[in-house]
Amino acid sequence: MTEMVFGAHPVRDGEPILPRWWRTVDKWTMSCVLLLFGVGILLGLAASPPLASRNGFEAFHYVQRQAFFGGLALTAMLLTSMMSPQLVRRLGVLGFFCAFAALALLPVFGTDFGKGATRWYSLGFASVQPSEFLKPGLIIVSAWLMAAAQEINGPPGRTFSFAITCVVVGFLALQPDFGQACLVLFGWGVMYFVAGAPFTLLIAMAAFVMVAGTFAYNNSEHFARRIDGFLTPEVDPTTQLGYATGAIQEGGFFGVGVGEGSVKWSLPDAHTDFIIAVAAEEYGLILVAFIILLFMSVTVRSMLRLIRERDPFIRLAGTGLACTFGVQAIINMGVAVRLLPAKGMTLPFVSYGGSSLIAGGIAMGMLLAFTRARPQGEIGDILTRRGR
Amino acid sequence: MTRTPLRPLARILEARQKGENPDAIERENIRLRHEDMRDRARSRAEGRLLVLALFFFCAFAVVGGRMGLMAATEPAEPRAATSTSRIVAQRADIVDRQGRILATNLRTHSLYAQPPHMVDPERAARELVGIFPDLDENRLIKDFTGSRKFLWIKKKLSPEQQQLVHDIGEPGLLFGPREMRLYPNGKLAAHILGGYGFGLESVYAAEVIGTAGVEKAFDDFLRDPAEQGRPLELSIDLTVQAAVERVLYGGMRLMNAKGAAAVLMDAHSGEIVAMASLPDFDPNDRPVPLTEGDQADSPLFNRAVQGVYELGSTFKILTAAQAMELRLVNAFTEIDTNAPLVWGKYKIREWGNHNYGPRLSVMDVVVKSSNVGTANIAMMIGQKRQREFFTELGLFDPTPVELVEAPGAKPLIPKRWSEIVTITTSYGHGMSASPLHLATAYASVLNGGTRVMPTLLKRQAVTPGERVVSEEVSTIARNMLRQVVTRGTATFGEVPGYLVAGKTGTAEKPKPGGGYYNEKVITTFASVFPADDPKYVLVVTLDEPVETSGSKPRRTAGWTAVPVAAEVIRRTAPLLGLRPAIEPGAKDG
């Protein structure tokens, strides 16, 4: 009564944020991500000194940068994972529009750093790649539209989201950055699949991919060369792939020893696209298996958690994020072991790269926010079922 | 599927009767339908998510499995070795007809320097000069301390030298693997093999390319990876070649000649069993070509193939054989041999101003080597038919033998083939051909009369060429040559048991400005043995020989080339697997 009168003890309308977050967040997935980031720093110590010496920096320049961006990324991930799905959706949609504008303005203000593709904004001390930030945003928007389409009298969200994805893919292809374009398309594809794509359409799409692939193979020399290089059983030891294969075989089960590897000196992309080869050479199959296990845990665990999710938006967005994350890792490692044709793709959290780290942190934070344990209305279910 | 109506009439009517709002029923039905839809979507999504999770699980497992497989396989080859084979697939060996190695490869190292990595350039230069006295110390110091980032020091090192350089302990001195060509027999068959040089060079490897001889002529074959290192089989027999070279060298020294050449050819297949040219060289250390003077004096010059000489009286048997083939004469037809023969402003004389009397049989024209008699036979043949016959024998074209030098050695032929050329050519003057040309022509005429093509490659089967003279003419011609040895100009050529038949030729060397030297001759002995069953043709040519054992110097082929050829036959015939014919008289005596 005293308290009611004097208001000395303000009543909180629910659980405090941090305890609730700690209670509901998927701690296993979060640990995996933190471990991945640690592995990335470890491999950066091995893989980036050659690059630093080439560019005239001190040996661990890139490791320091990676640690700095990693700190930002982890902060972003933790903050995002504390948000409610609704807030994530709102910010995600806003972020999508910002990233899209940045992407569209790339041809005007962007720079290509002499690599032949205009993908970056140069900020002096660092560079920003808008397409990395666009990916999670697009997934949120698409999931929102698709979820809305499942409501009665909802908008035709699948068509809308498909149109938006096509526009984004078009801009990415203009850069050109076919790797990201494929990734974006893949992300939309899995969401559409989970949202209930009709089977006839899936079959038709598979057929179309085959026809388009054949067409590209016959008409694009670049594409054909890559595929041919992939299909030939022996690998030219002087190509990037050849070096990667050699490094993996060299490493064996236990590796050649910390700092003893040689592949990082031959491969220009040892710190990004072929970091797994450096891992395999210096630390052997053990570390590689551990990395694969981490990626697999994050992806599969998130999806298993999403199975129980009832909210269609959360389910779809989570699926898109988890699958994009997983498929990126699979492509990166699949290329190094020659399961897939050569395609430049970074290994999330492990490869060096500021934009991809921070964007990856945000995306992972969103996924963590979506996979948090929350009431799924089971009781209501039981009650209404009984009532019927 | 049957759709339940949103406003079922019965319930609406009932509600209206009770005075309830019938819209509530519709809303309730919409809510139920919506819930139903969401449930179905959810269960479908659950299934599909499970499929996706399984897919990702499998994909990661596949990547991991593949990674494990790759980690379990041994690295196929060290990287340095694979990058070696990028420039050269290994060059194939060259072997003789018995498979004995004539040329093979040896793995050595080249030495190069990277001055930026050097610790003590002065000491490195000093020690290098200690190991390789041919290097210049000041030059090395300048290179090592200057702005150069890379320089070659030695192209080939022996293992001992490599160890010594290694012991300097200078990190800026580096070794690159080098495959070099090795000719284990040294000078043997040097002109046939030719030599090699380095083409494209990199730190990891260098291209080995042929620069002369069969190495160059078969460069593509030897380097073709599709042949998988199949050796090049030559027709040369190593032991015979060695014997020929030794005897020829001794003969050249004894006869004070400045050069010598010999060709030993299979009379039926045209395979060259041995071919030598002196002076010679070591293909492992090929001398540089002469920059001035006559290339014919260089040891690199292949006298047997490239040297075109007036081969003298050796041509007489060709003239006689053609006349018999045309049935103008037979072996016993008497020919006018009144010397000198005056033709226009020219006088045709015998050797040493002899006169063999008014008439000689064709046989004796050849045996005694009468220029006048041969000239008269040639006039019976006429220039057109003579030229056709020589063309048929390949005397007007470069030999088709597989050496890069061969196409350049075109016989020297007078531009206008007048009557006097017909006359002089009949006894081997006025046109020049190589010893190999002569050997080919002799083989064609004397092997039974079928054309042979000279070759350096081992032949699997012999297919007789087109006929140039008949079997009988060939036999009679051999008989004539046999008599040259038994009672004519080549009596030193007799080798007991091997029935040598041959013809001498002595030609004065032409002066560069025109006319002929008196004292400088090219002597040739072209022979076939055994005469009753011709197996091999041997041509021996000596350049400027002089035999000084007598009271005055003798320069004729009978005194110089013939004894050398006889010794060659005596030494090589057993190696060639010929059995000496035991003469009936020998048993008794």
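Residues numbered from 1 in each chain as written. Chains lettered and ligands numbered in written order. Predicted model: local features only at pLDDT ≥ 70, side-chain atom pairs only at ≥ 80, totals over all residues.

*Asks:* Is there a simple way to explain the overall build of chain A in this structure?
*Replies:* Summing up its helical and strand segments, chain A has 18 helices and two strands in all. Counting over 388 residues, chain A shows a buried share of 46%. Considering only contacts within chain A whose residues lie at least 6 apart along the sequence, 69% involve residues at least 24 apart. (Helix = DSSP H or I, 4+ residues; strand = E, 2+ residues; numbered from the N terminus. Buried ≥ 20, exposed ≤ 12 C-beta atoms within 10 Å, placed from the backbone. Contact = placed C-beta atoms within 7 Å.)

*Asks:* What am I meant to see in the pairing of strand β15 (residues 516-529) of chain B here?
*Replies:* Side-chain direction in a regular strand flips from residue to residue, so the side chains alternate between the two faces of the sheet. Residues and elements named next belong to chain B. Pairing of strand β14 (residues 501-510) with β15, which is carried by nine bridges, proceeds in the antiparallel orientation. By the bridge assignment for β15, Glu508 is matched with Val521. Connecting the antiparallel pair β14 and β15 is a turn made up of five residues, with Gly514 showing a positive phi of about 125°. Sheet topology note: the β15/strand β16 (residues 536-543) ladder contains eight bridges and is antiparallel. Directly across from Phe529, in β16, lies its bridge partner Tyr536. Between β15 and β16, which pair antiparallel in sequence order, lie six residues. (Pairing = 2+ DSSP bridges.)

*Asks:* Which parts of the structure should I look at to understand the interface of chain A and chain B?
*Replies:* How big an interface is tends to be stated in terms of the accessible area lost upon association of its parts. At the interface, 41 residues of chain A touch 30 residues of chain B. Broken down by secondary-structure element, the contributors of at least two residues to the side of chain A that touches chain B are α10 (178-194), α13 (240-251), α15 (275-307) and α16 (312-336) of chain A. Per-element accounting of the side of chain A that touches chain B gives the leading share, 14 residues, to α15 of chain A. Considering only residue class, the side of chain A that touches chain B consists of 25 nonpolar, 13 polar and three charged. (Nonpolar A, V, L, I, M, F, W, Y, C, P; charged D, E, K, R; others polar.)

*Asks:* What exactly am I supposed to notice about the sheet that holds β15 of chain B here?
*Replies:* Hydrogen bonds between backbone atoms are what pair the strands of a sheet, whose relative direction is either parallel or antiparallel. Residue and element names in this part refer to chain B. Within the open sheet, the five strands sit side by side as β9-β8-β16-β15-β14. Their pairing is antiparallel. Two strands in the sheet have a free side with no partner beyond their single neighbour: β9 (272-278) and β14. Going across the sheet, the axis of each strand differs from the next one's by a mean of 10°, ignoring polarity. Two strands pair when backbone bridges link them, and strand β8 (residues 259-266) and β9 are joined in this way by six bridges, in the antiparallel orientation. (Axes fitted to C-alpha atoms, helices over the stretch in contact; angles between N-to-C directions.)

*Asks:* Which parts of the structure should I look at to understand the environment of Pro22 of chain B?
*Replies:* Residues and elements named next belong to chain B. In this fold, Pro22 is placed in the loop between α1 (9-18) and α2 (23-72). Residue classification places Pro22 among the partly exposed residues on the basis of 14 C-beta atoms within 10 Å. Measuring from C-alpha to C-alpha, the distance between Pro22 and Arg11 comes to 8.1 Å, with eleven residues separating the pair along the chain. Excluding its chain neighbours within four sequence positions, the residues that come into contact with Pro22 are Arg7, Ile12, Ala15 and Arg16.

*Asks:* How do you make sense of the packing of helix α3 (residues 27-47) of chain A against helix α5 (residues 61-82) of chain A when you look at a structure like this?
*Replies:* Geometrically, a packed helix pair is captured by the angle between its two axes and the distance between the axes. Residue and element names in this part refer to chain A. One can describe the packing of α3 onto α5 by two numbers: an axis separation of 9 Å at closest approach and a directional angle of 170°. With respect to α5, the element α3 is oriented roughly antiparallel. Residue-level contacts link Phe37, Gly40, Ile41, Gly44 and Leu45 of α3 to Tyr62, Val63, Gln66, Ala67, Gly70 and Leu74 of α5. Here the residues of the contact of α3 with α5 sort into seven nonpolar, four polar and no charged. (Parallel < 35°, antiparallel > 145°, perpendicular 65-115°, else oblique.)

*Asks:* In this structure, what is going on with helix α16 (residues 435-446) of chain B? I would like to understand it.
*Replies:* Residues and elements named next belong to chain B. The first and last C-alpha atoms of α16 sit 16 Å apart over twelve residues, in line with the 16 Å expected at 1.5 Å per residue. Buried within α16 we find Pro435, Leu436, His437, Leu438, Ala439, Thr440, Ala441, Tyr442, Ala443, Ser444, Val445 and Leu446. Where α16 is buried, its residues touch β8, α11 (316-325), α17 (471-487), β15 and β16. One or two positions beyond α16, positive phi appears at Gly448, with a value near 115°. (Expected span 1.5 Å × (residues − 1).)

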